[in-house]
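# Examining the three-dimensional arrangement
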Amino acid sequence: MSRLRSVRALAVSLCLTALALSSCANPPDADSPTGRASDGVGDISKEAGLRPIRTHRTESIASTVPKAVRDRGTLEVVTFAGLAPPLSFYATDNKTVIGMEPDLARLVADVLGLELRLHTVSWENMFVGLDSGKYDVAIANITDTEERKRKYDFASYRQDKVAFEALKGSDLTVRGPKDVAGRTVAVHPGTNQEKLITRWSQDNTRAGRKPVTVKYYQTQSDVYLALRSGRIDAYLGSNPSVAYHVADAGQTEIVGTYSGAGPGREGWIAATTKKGNGLATPLSRAISELIDNGTYGKAVKRWHLAGEAVTASQVNPPGLP
């Protein structure tokens, strides 16, 4: 087993062991009285061989960052505090945030010539912080949608795919709305997955089939407790996190995948920033630079996400309607 595989497996197994007693609690939010923002690099990186992937400042891109951000010298990046490997999760020291998205945040900050300050908060507080200007950008598996474009600008960095996860041996195969008619499906509130399963439930009702019973959970640990106890039939989540859990825990399987944008459409996961603040284009150019210089490829390969990689970043590409 590689050293990278070991730390990833241990991070998840510690949480699963804790489930026998209670849900696996998140460490303090970075902005709570007992937490703090960080550069996302802790001792665990050296212990596990997870050395940060770094790159160099690109002056032609760094010079386009809004002056207020350049003068401050930091890039305030917020990500989701939940246990969501391989995207963003806590290492075995229970404080260092590792994953694809912290790696990308660090690399983007490098290209822009800024010091990374990585904040970990709850899903809803990410958007509160963006709205207030507390954070410059969220890199947190956020889907580009036309509704969100009313308030935010986007710089795409990954394809958007979702997956249905069920216990091994279930009779469930999901290809469309009728396959989940009358079923109970878990999602995280406020996500693209919630929007998709709600739409499917409405489709079922219009077709004379039973609707979907949608259950809402804040943490992955609560989802998997519900799945193992039979309170839900399936979980609909981001494909990277679902695939990681299936491979690592060995108790569940993927029973269907779907484009986050719907049939016949390409969905995008994007760095998200307050609309009109001047950061979207520098962020997109920085991501494209990372793709060109090969460091983006190293990051997606490290976290087994090459299948969702993009060849260039776009500013505000067509989003989920």
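Heads up: the structure comes first, above all this text.
Residue positions are given per chain, counted from 1 along the sequence in the order it is written. The predicted origin of the model limits local features to residues at a pLDDT of at least 70 and limits the giving and counting of side-chain atom pairs to 80 or more, whereas totals for whole chains, interfaces and linings rest on all residues. Excluded from the side-chain calculations are hydrogens and water; all other atoms, namely the structure's heavy atoms, are used.

### Some points on the overall build of the protein chain
Think of it this way: any DSSP run of H or I at least four residues long counts as a helix, any run of E at least two long counts as a strand, and we number them from the N terminus. Helices and strands together make up the secondary structure of the protein chain, namely 11 helices and 12 strands. Across the 321 residues of the protein chain, 54% fall into the buried class. Contact between two residues is taken to exist if any of their heavy atoms lie within 4.5 Å; hydrogens are not considered. Across the protein chain, contacts joining residues at least 24 apart in sequence account for 78% of those joining residues at least 6 apart. Residue exposure (1.4 Å probe, protein chains only): buried if accessible area is under 20% of the type maximum, exposed if over 50%, otherwise partly exposed.

### A word on the environment of Pro318
You can see Pro318 is positioned in the segment after helix H11 (295-302). Here Pro318 falls in the exposed class, since its relative accessible area comes to 59%. As for Pro318 and Gly267, which are separated by 51 residues in sequence, their C-alpha atoms are 8.2 Å apart. Not counting residues within four places of it along the chain, the set of residues in contact with Pro318 comprises Asp144, Glu146, Lys149, Glu266 and Trp268.

### Notes on the pattern of salt bridges
Should their charged atoms come close, side chains of opposite charge can pair. In what follows, salt bridge is the name for a side-chain nitrogen of Lys or Arg lying within 4 Å of a carboxyl oxygen of Asp or Glu. Tallied over the full model, the rule gives 16 salt bridges. The closest approach of N and O atoms between Arg72 and Asp136, which form a salt bridge, is 2.3 Å. With a gap of 64 residues between them, Arg72 in helix H4 (residues 67-72) and Asp136 in the loop between helix H6 (123-132) and strand S5 (137-138) connect regions that are remote in the sequence. For Asp136, a relative accessible area of 7% puts it in the buried group. Put simply, Lys149 and Asp144 hold a salt bridge, and the shortest N to O gap is 3.0 Å.

### Some remarks on the side chain of Ser221
As for its placement among the helices and strands, Ser221 is situated in helix H8 (residues 220-229). Residue classification places Ser221 among the buried residues on the basis of a relative accessible area of 4%. Two N or O atoms count as a polar contact when they lie within 3.5 Å, although within protein this holds only if one can serve as hydrogen donor and the other as acceptor, and sequence-adjacent residues are included solely when both atoms are side-chain atoms. At a separation of 3.1 Å, a polar atom in the side chain of Ser221 contacts the side chain of Thr219.

### A short note on the sheet that holds strand S9 (residues 213-216)
Strands sit in the order S9-S8-S10-S7-S11 across an open sheet of 5 strands; the sheet is mixed. In the strand order of this sheet, the two ends are held by S9 and strand S11 (252-259), each with one partner. Here the average twist between neighbouring strands, direction ignored, is 30°. Bridge analysis of strand S7 (residues 161-167) against S11 gives 7 bridges, and the strand direction is antiparallel. Residue pairing across strands places Lys161 opposite Ser259, the latter belonging to S11. One bridge is not enough; two strands pair if DSSP finds at least two bridges between them. With axes taken as lines fitted to C-alpha atoms, and helix axes fitted only over the stretch in contact, angles between N-to-C directions fall between 0 and 180 degrees.

### Here we look at the packing of helix H5 (residues 100-112) against H11
Contact geometry of H5 with H11 gives a least axis separation of 9 Å together with a crossing angle of 165°. Viewed along their axes, H5 and H11 adopt a mutual orientation that is roughly antiparallel. The element H5 and its partner H11 pack so that their crossing is right-handed. Here Met100, Asp103, Leu104 and Leu107 of H5 come into contact with H11, specifically with Thr295, Tyr296, Ala299, Val300 and Arg302. Amino acid classes used here: Ala, Val, Leu, Ile, Met, Phe, Trp, Tyr, Cys and Pro are nonpolar; Asp, Glu, Lys and Arg are charged; the rest, including Gly, are polar. Tallied by class, residues from the contact of H5 with H11 come to 6 nonpolar, 1 polar and 2 charged. The labels follow the angle: roughly parallel below 35 degrees, roughly antiparallel above 145, roughly perpendicular from 65 to 115, and oblique for the rest. Crossing handedness: left-handed means the near helix sits turned counterclockwise from the far one by under a right angle, and right-handed means the same turn made clockwise.

### A word on the pairing of S7
Burial runs high along S7: 5 of the 7 residues are buried. As defined by bridge partners, S7 adjoins strand S10 (residues 234-238) across 4 bridges and the pair is classed as antiparallel. In the sheet register, Phe164 faces S10, and the bridge partner there is Leu236.

### Let's talk about the packing of H5 against helix H10 (residues 280-293)
It is at 9 Å that the axes of H5 and H10 come closest, and there the two elements cross at 105°. Relative to H10, the element H5 is oriented roughly perpendicular. Listed contacts from H10 to Leu104, Leu107, Val108, Val111 and Leu112 of H5 are Pro282, Leu283, Ala286, Ile287, Glu289 and Leu290. A per-class count over the contact of H5 with H10 returns 10 nonpolar, no polar and 1 charged.

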